[in-house]
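This is what each chain is made of:
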Amino acid sequence: TRDNPLSENSWIDVTAKVKSLLADGTRQIHAGLDLAGEDPAFGVAKRLRVEFRLRGKIQAAVVEDGKSLEVPEGAEVLEAIYGDLPADKSAPSLD
């Protein structure tokens, strides 16, 4: 089990949904309530963070609510979370 400093009430794990979209051929993932199914942090700006493995390297991409990110061809999604996430300086913001 991975330690997560985020409050469990402020974000939603959307890994299965993102993997399902990729399996259906969709690589552009839109950050929003349609993806999450509910609002994990009402009244707060949200982000989508997708962690993936590509060519043996683990990477992450973060996008603001209402924007989309493209999961690279051949990437294996390890985790996707949506909600009140801190800005991750190690992950590129994809607009």
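Before any of the text, the structure's been laid out above.
As the structure is a prediction and not an experimental result, all values here were calculated from the model. (Residues numbered from 1 in each chain as written. Predicted model: local features only at pLDDT ≥ 70, side-chain atom pairs only at ≥ 80, totals over all residues. Heavy atoms only, no water.)

**Side note on the overall build of the protein chain**
Here is step 1: Broken down by element type, the protein chain carries two helices and six strands.
Here is step 2: If you list the helices and strands of the protein chain from N to C, you get β-α-β-α-β-β-β-β.
Here is step 3: Sorting the 95 residues of the protein chain into buried and exposed places 39% on the buried side.
Here is step 4: Counting only contacts in the protein chain whose residues sit at least 6 apart along the sequence, the fraction spanning at least 24 positions is 67%. (Helix = DSSP H or I, 4+ residues; strand = E, 2+ residues; numbered from the N terminus. Buried < 20%, exposed > 50% of the residue type's maximum accessible area, 1.4 Å probe, protein only. Contact = heavy atoms within 4.5 Å.)

**Some remarks on the sheet that holds strand 6 (residues 76–83)**
Here is step 1: The sheet built from four strands is open, its strands ordered 1-6-3-4 with antiparallel pairing. Either end of the sheet is taken by a strand with one partner, and the two such strands are strand 1 (11–13) and strand 4 (57–64). Sheet twist, expressed as the average angle between the axes of neighbouring strands with direction ignored, equals 20 degrees.
Here is step 2: Pairing between strand 3 (residues 47–54) and strand 6: seven bridges, direction antiparallel. Opposite Arg-49, over in strand 6, you have Ile-81 as the bridge partner. (Pairing = 2+ DSSP bridges. Axes fitted to C-alpha atoms, helices over the stretch in contact; angles between N-to-C directions.)

**Details of the side chain of Thr-15**
Here is step 1: For Thr-15, the location among the structural elements is in helix 1 (residues 15–23).
Here is step 2: Among the residues examined, Thr-15 registers a relative accessible area of 10% and is labelled buried.
Here is step 3: Among the polar contacts made by the side chain of Thr-15, one reaches the main-chain amide nitrogen of Ala-80 at a distance of 2.8 Å.
Here is step 4: Ignoring sequence-local partners within four residues, the contact set of Thr-15 consists of Val-77, Leu-78, Glu-79 and Ala-80. (Polar contact = N/O pair within 3.5 Å; in protein donor to acceptor, adjacent residues only side chain to side chain.)

**Topic: the pairing of strand 6**
Here is step 1: Of all eight residues in strand 6, six are buried; the element is thus mostly enclosed.
Here is step 2: With three bridges joining them, strand 1 and strand 6 adopt antiparallel strand pairing. Each residue of the ladder has a partner; that of Asp-13, found in strand 6, is Ile-81.

**Some points on the environment of Lys-57**
Here is step 1: With respect to the secondary-structure elements, Lys-57 resides in strand 4.
Here is step 2: Residue class for Lys-57 comes out exposed when judged on its relative accessible area of 55%.
Here is step 3: C-alpha separation for the pair Lys-57 and Ala-75, spaced 18 residues apart in sequence, amounts to 9.7 Å.

**So, the nonpolar core**
Here is step 1: Ranked by internal contacts, the top residues of the largest apolar core, which has 19 residues, are Val-14, Val-18, Leu-48, Val-50 and Leu-69.
Here is step 2: Examining the composition of this core, we find that four residues originate from one element, strand 3, more than from any other.
Here is step 3: Those residues in contact with Val-14 that sit more than four places away from it in its chain are Leu-35, Ala-36, Leu-48, Ala-80, Ile-81 and Tyr-82. (Core = buried A, V, L, I, M, F, W, Y, C linked by side-chain atoms within 4.5 Å.)

Honestly, it's all geometry; don't read function into it.
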